[in-house]
Amino acid sequence: MKVDQQKEGAIYAALSYMMWGVVPVYWKFLQGVGAIEILAQRVLWSFVFMLVLLMFMKKWQAFLDYVKNIMGNPKLFTALLTASLLVTANWGVFIWAVNSGRILDTSLGYYINPLVSVLLGVIVLKEKLSGAQIISFLLAGIGVLILGIHFGTIPWISLVLAMTFGLYGLAKKMIKAESAIGLTLETMMVTPLALGYLIYLMNRSEMQFFTDGSTSLLLVGGGIATALPLLYFAKGAEKIPLSMLGIFQYIAPTLSLLIGVFVYHESFTKAHLLAFLFIWSALAVYTLSITKWGQASARRFKGKGNIGA
């Protein structure tokens, strides 16, 4: 039974990361719409879709209870607002980058993200770095430096995506809400901003939502495209080990990289190749360090060191 559950969990997790990996194709269909409007529509329809989904999942009362809890807890409210603003910023930069022909930058950002999360754990939660993790940071740092030197600018899109998502994960540690309820709460917090911007566009007759039926459907569908992979991810995360989940997370940026290069013909230079080789090496070292085999090897090495001392 446990093996079957792990297989099911692996399928859900893989599907979620595959969806995240191919989502740039979806936003490319909306290239004629402004990035901020796409973001506002994404927030609004994600919230609407999640409200409907909570009713079907019979989690409406749990959602209302959590809302009441937030209203009476300023610390929790602040954490939720922070998480909401961070994930909205992440979505906005991602959409803008994709529709500006910068899919490779988004791919790099999500490759770096796991290492940024570890770094935030060290800085904020006072966690200790292992030797393997230190090597990972040095390798990834060299990769980012190569791109900076070659192009004469810091890869800010990649770093902003990695930082906002890393900080978002940190804020969510304080919220501790079930994934469907969590996404509903996060979109609820920023929906008033989204609605305000859409009303502003409507008053100026600049909103693209009503231009044609296909555009309207794609904008509404952005809510489903946002929520569905997250729900699949939650189902997968319940049934498979964290180490397996950590390996699956590289599916998304790898698919985005391939789509950027082979579908949209973004320039992949020798500098890109060298930088990505360093970052892939960093991720290989990091991933190995969080597997049972890697942890057992580290303990054996440490034990030998103690005997020698």
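- An unreviewed UniProt entry annotates the chain as Transporter DMT superfamily protein of Peribacillus simplex.

**With respect to the UniProt feature "domain: EamA" (unreviewed entry) in the chain**
Stage number 1. The positions UniProt marks with the feature "domain: EamA" (unreviewed entry) are residues 9-147.
Stage number 2. Between the first and last C-alpha atoms of residues 9-147 the distance is 37 Å; the span itself is 86% helix and 0% strand.

**Some details on helix H5 (residues 103-124)**
Stage number 1. Along its 22 residues, H5 runs 30 Å from first to last C-alpha, staying within 8% of the 32 Å computed at 1.5 Å per residue.
Stage number 2. For H5, a buried count of 16 out of 22 residues is recorded, marking the element as mostly surrounded by other parts of the structure.
Stage number 3. After H5 finishes, the residue Lys 126 shows a positive phi value of roughly 60 degrees.

**Focus on the side chain of Thr 184**
Stage number 1. Mapping Thr 184 onto the fold places it in helix H8 (residues 179-203).
Stage number 2. Of the polar contacts made by the side chain of Thr 184, one reaches the backbone oxygen of Ala 180; its length is 2.7 Å.
Stage number 3. Other than its neighbours up to four places away in sequence, Thr 184 contacts Phe 47, Met 50, Leu 51, Leu 54 and Phe 63.

**With respect to the pattern of salt bridges**
Stage number 1. A complete count under the given rule lists four salt bridges for this structure.
Stage number 2. Close ionic contact of Lys 59 with Glu 178 constitutes a salt bridge, the shortest N to O distance being 2.9 Å. Linking Lys 59 in the loop between helix H2 (35-56) and helix H3 (60-71) with Glu 178 in the loop between helix H7 (156-175) and H8, this pair joins segments that are 119 residues apart in sequence.
Stage number 3. Residue classification places Glu 178 among the partly exposed positions, given a relative accessible area of 32%.
Stage number 4. The partner of Arg 204 in a salt bridge is Glu 206, and the shortest N-O contact between them spans 3.2 Å.

**A word on the environment of Gly 121**
Stage number 1. Along the polypeptide, Gly 121 turns up in helix H5.
Stage number 2. Judged by its relative accessible area of 3%, Gly 121 is buried.
Stage number 3. Spatially, the C-alpha atoms of Gly 121 and Leu 170 are 8.1 Å apart, while their sequence positions differ by 49 residues.

**What to know about the environment of Leu 201**
Stage number 1. Here Leu 201 is to be found in helix H8.
Stage number 2. Given the relative accessible area of 5%, Leu 201 is considered buried.
Stage number 3. Measuring from C-alpha to C-alpha, the distance between Leu 201 and Thr 164 comes to 27 Å, with 37 residues separating the pair along the chain.
Stage number 4. With residues near it in sequence (within four places) discarded, Leu 201 still touches Glu 37, Glu 206 and Met 207.

**Observations concerning the confidence of the model for the chain**
Stage number 1. In this model, the chain carries an average pLDDT of 85, and 91% of its residues clear a pLDDT of 70 or more.
Stage number 2. A low-confidence stretch, residues 304-309 (pLDDT under 50), is modelled with zero contacts involving residues beyond four sequence positions or located in other chains.

**Some points on unusual backbone geometry**
Stage number 1. Located in the positive-phi region is Ser 205, a residue other than glycine, with phi close to 55 degrees.
Stage number 2. Following the sequence through the fold, Ser 205 ends up in the loop between H8 and helix H9 (213-239).
Stage number 3. Accessibility expressed as a relative area gives 68% for Ser 205, which makes it exposed.
Stage number 4. Located in the positive-phi region is His 265, a residue other than glycine, with phi close to 55 degrees.
Stage number 5. Among the structural elements, His 265 can be located in the loop between helix H11 (251-263) and helix H12 (270-290).

**Some thoughts on the packing of H3 against helix H4 (residues 74-99)**
Stage number 1. At a closest axis distance of 6 Å, the pairing of H3 and H4 adopts a crossing angle of 110 degrees. Our classification of the angle between H3 and H4 gives roughly perpendicular. Within the contact between the two elements, H3 uses Tyr 66, Asn 69, Ile 70 and Met 71 and H4 uses Leu 76, Phe 77 and Leu 80.
Stage number 2. Each residue belonging to the contact of H3 with H4 can be placed in one class, and the counts come to six nonpolar, one polar and no charged.

**Side note on H7**
Stage number 1. Here H7 spans 28 Å end to end across 20 residues, near enough to the 28 Å set by a 1.5 Å rise per residue.
Stage number 2. Taken as a whole, H7 has its buried residues at Ile 157, Ser 158, Leu 161, Ala 162, Thr 164, Gly 166, Tyr 168, Leu 170, Ala 171 and Ile 175.
Stage number 3. The elements touched by buried residues of H7 are H3, H4, H5 and H8.

Cut-offs and rules
- Residues numbered from 1 in each chain as written.
- Predicted model: local features only at pLDDT ≥ 70, side-chain atom pairs only at ≥ 80, totals over all residues.
- Heavy atoms only, no water.
- UniProt positions renumbered as here; feature names shortened; annotations may be inferred.
- Helix = DSSP H or I, 4+ residues; strand = E, 2+ residues; numbered from the N terminus.
- Expected span 1.5 Å × (residues − 1).
- Buried < 20%, exposed > 50% of the residue type's maximum accessible area, 1.4 Å probe, protein only.
- Polar contact = N/O pair within 3.5 Å; in protein donor to acceptor, adjacent residues only side chain to side chain.
- Contact = heavy atoms within 4.5 Å.
- Salt bridge = Lys/Arg side-chain N within 4 Å of Asp/Glu carboxyl O.
- pLDDT = per-residue confidence, 0-100.
- Axes fitted to C-alpha atoms, helices over the stretch in contact; angles between N-to-C directions.
- Parallel < 35°, antiparallel > 145°, perpendicular 65-115°, else oblique.
- Nonpolar A, V, L, I, M, F, W, Y, C, P; charged D, E, K, R; others polar.

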